[in-house]
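One letter stands for each residue in the lines below.
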Amino acid sequence: MHVVPRIRAARWADKDLVAALIADALHAGPLAQWLVPDPTCRRGILADVAVIWVEHAMFFGDIQITDDLSAAAMGFHRYRSIPPPSNYRSRLADAAGPHARQFELLDQLLTPVRPTEPHYHLAVLAIPPAAQRRGVGTAMLTHHENRLDRIDMPSWTETIHGSQDVYRRYGYLPRPALTLPDGPVIAPMRRNPYPNRGSWPVNTTRPAPVTAPARAQSDTQG
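Structure report, in brief. (Residues numbered from 1 in each chain as written. Predicted model: local features only at pLDDT ≥ 70, side-chain atom pairs only at ≥ 80, totals over all residues. Heavy atoms only, no water.)

1. Comments concerning the packing of helix α4 (residues 88-96) against helix α5 (residues 100-110)
Two elements in contact, α4 and α5, have axes whose closest approach is 8 Å; the angle formed by their N-to-C orientations is 135°. By the angle between their axes, α4 is oblique relative to α5. Residue-level inspection shows Tyr88, Arg89, Leu92, Ala93 and Ala96 of α4 in contact with α5, the latter providing Ala100, Phe103, Glu104 and Asp107. (Axes fitted to C-alpha atoms, helices over the stretch in contact; angles between N-to-C directions. Helix = DSSP H or I, 4+ residues; strand = E, 2+ residues; numbered from the N terminus. Parallel < 35°, antiparallel > 145°, perpendicular 65-115°, else oblique. Contact = heavy atoms within 4.5 Å.)

Here's what the structure looks like:
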């Protein structure tokens, strides 16, 4: 049995490590290949762009990480309109160089399909290959859903087509898919809260009592 490290909020000092973790998790996937086709520079560009969004999430959202930095969940509090990252266009150009257009195109395609009502936007759930199938994904998503249920807040995320089953187990339902030009299919998903479950966010080092029946969980990605 794998013991999942404690889940905690990321600090400013963690931002570069979190960005590197996100790059490692996304590096081999179809979305990363679409954003940066050149594998020789892909990881570095992903990390540099991720730093921009990690910093932004620390002001307009939150980042939950495991103590050993084996996983990270980055989200934004879209309870009202939030601004883009400071100097985003110029910072993106510096970070991504000739690939900046792909990142801009992704933003342009995803923004119109996102909810306009108050919601939590789970932007990234990053679990590098070396940390998968060890219970980390299960712990992170359980922690995530309990936090949202506690504040009675719907959630939105965008997944790569084929990975929706993992999120379905935590209450996410598919929305119309979006095919990127000459790229992969993005599968947006929405989750409504379960405000009557009565549980605090789950942390493996300090488990909270659950007063409502827990749904069966699977560990296929975790």
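2. Thoughts on unusual backbone geometry
With a phi angle near 55°, Asp152 is a residue other than glycine that sits in the positive phi range. Topologically, Asp152 is positioned in the loop between α6 (136-151) and β5 (155-160).

3. Section: the environment of Ala9
Looking at the element boundaries, Ala9 is found in strand β1 (residues 7-9). Sequence separation between Ala9 and Asp62 is 53 residues; the distance between their C-alpha atoms is 7.2 Å. Once residues within four sequence positions are removed from consideration, Ala9 is found in contact with Ile63 and Gln64.

4. Quick word on a nonpolar patch on the surface
A surface patch of nonpolar side chains, amounting to about 360 Å² of accessible area, comprises Trp12, Phe59 and Phe60. Mapped onto the elements of the fold, Phe59 is located in helix α3 (residues 39-60). Note on Phe59: relative accessible area 64%, which makes it exposed. (Patch = residues over 30% accessible without salt bridge, like charges linked within 9 Å, V, L, I, M, F, W, Y side chains within 5 Å. Areas by Shrake-Rupley, 256 points an atom, 1.4 Å probe, with all protein chains shown as cover. Salt bridge = Lys/Arg side-chain N within 4 Å of Asp/Glu carboxyl O. Buried < 20%, exposed > 50% of the residue type's maximum accessible area, 1.4 Å probe, protein only.)

5. Quick word on the packing of aromatic side chains
Counted under the stated rule, the structure contains 4 aromatic pairs. Ring geometry for Trp53 and Tyr88: centres 5.2 Å apart, planes at 65°, overall edge-to-face. Residue Trp53 is located in helix α3, and its partner Tyr88 is located in helix α4; the two are separated by 35 residues in the primary sequence. Plain terms: the ring middles of Tyr167 and Tyr172 are 5.7 Å apart, the flat faces sit at 90° to each other, and that makes the pair edge-to-face. Here a set of aromatic residues connected by ring pairs shows up, and it is made of Trp53, Phe76 and Tyr88. (Phe/Tyr/Trp six-rings, centres within 6.5 Å; stacked < 30°, edge-to-face > 60°.)

6. Digging into the packing of α3 against α4
Axis separation between α3 and α4 bottoms out at 8 Å; the angle between their running directions is 155°. By the angle between their directions, the pair α3 and α4 is classed as roughly antiparallel. The two elements α3 and α4 cross, and the hand of that crossing is right-handed. On α4, the residues that touch Ile45, Asp48, Val49, Val51, Ile52, Trp53 and Glu55 of α3 are Tyr88, Arg91, Leu92, Ala95 and Ala96. Counted by class, the contact of α3 with α4 contains 9 nonpolar, no polar and 3 charged residues. (Left-handed = near helix turned anticlockwise from the far one by under 90°. Nonpolar A, V, L, I, M, F, W, Y, C, P; charged D, E, K, R; others polar.)

7. Describing helix α1 (residues 15-26)
For α1, which comprises 12 residues, the first-to-last C-alpha distance of 17 Å matches the rise-based estimate of 16 Å (1.5 Å per residue) to within 8%. Every buried residue of α1 is accounted for by Lys15, Val18, Ala19, Leu21, Ile22 and Ala23. Residues of α1 that are buried in the fold lie against α3, β2 (61-66), β3 (72-78) and β4 (119-126). (Expected span 1.5 Å × (residues − 1).)

Purely geometric numbers; function is a separate question.
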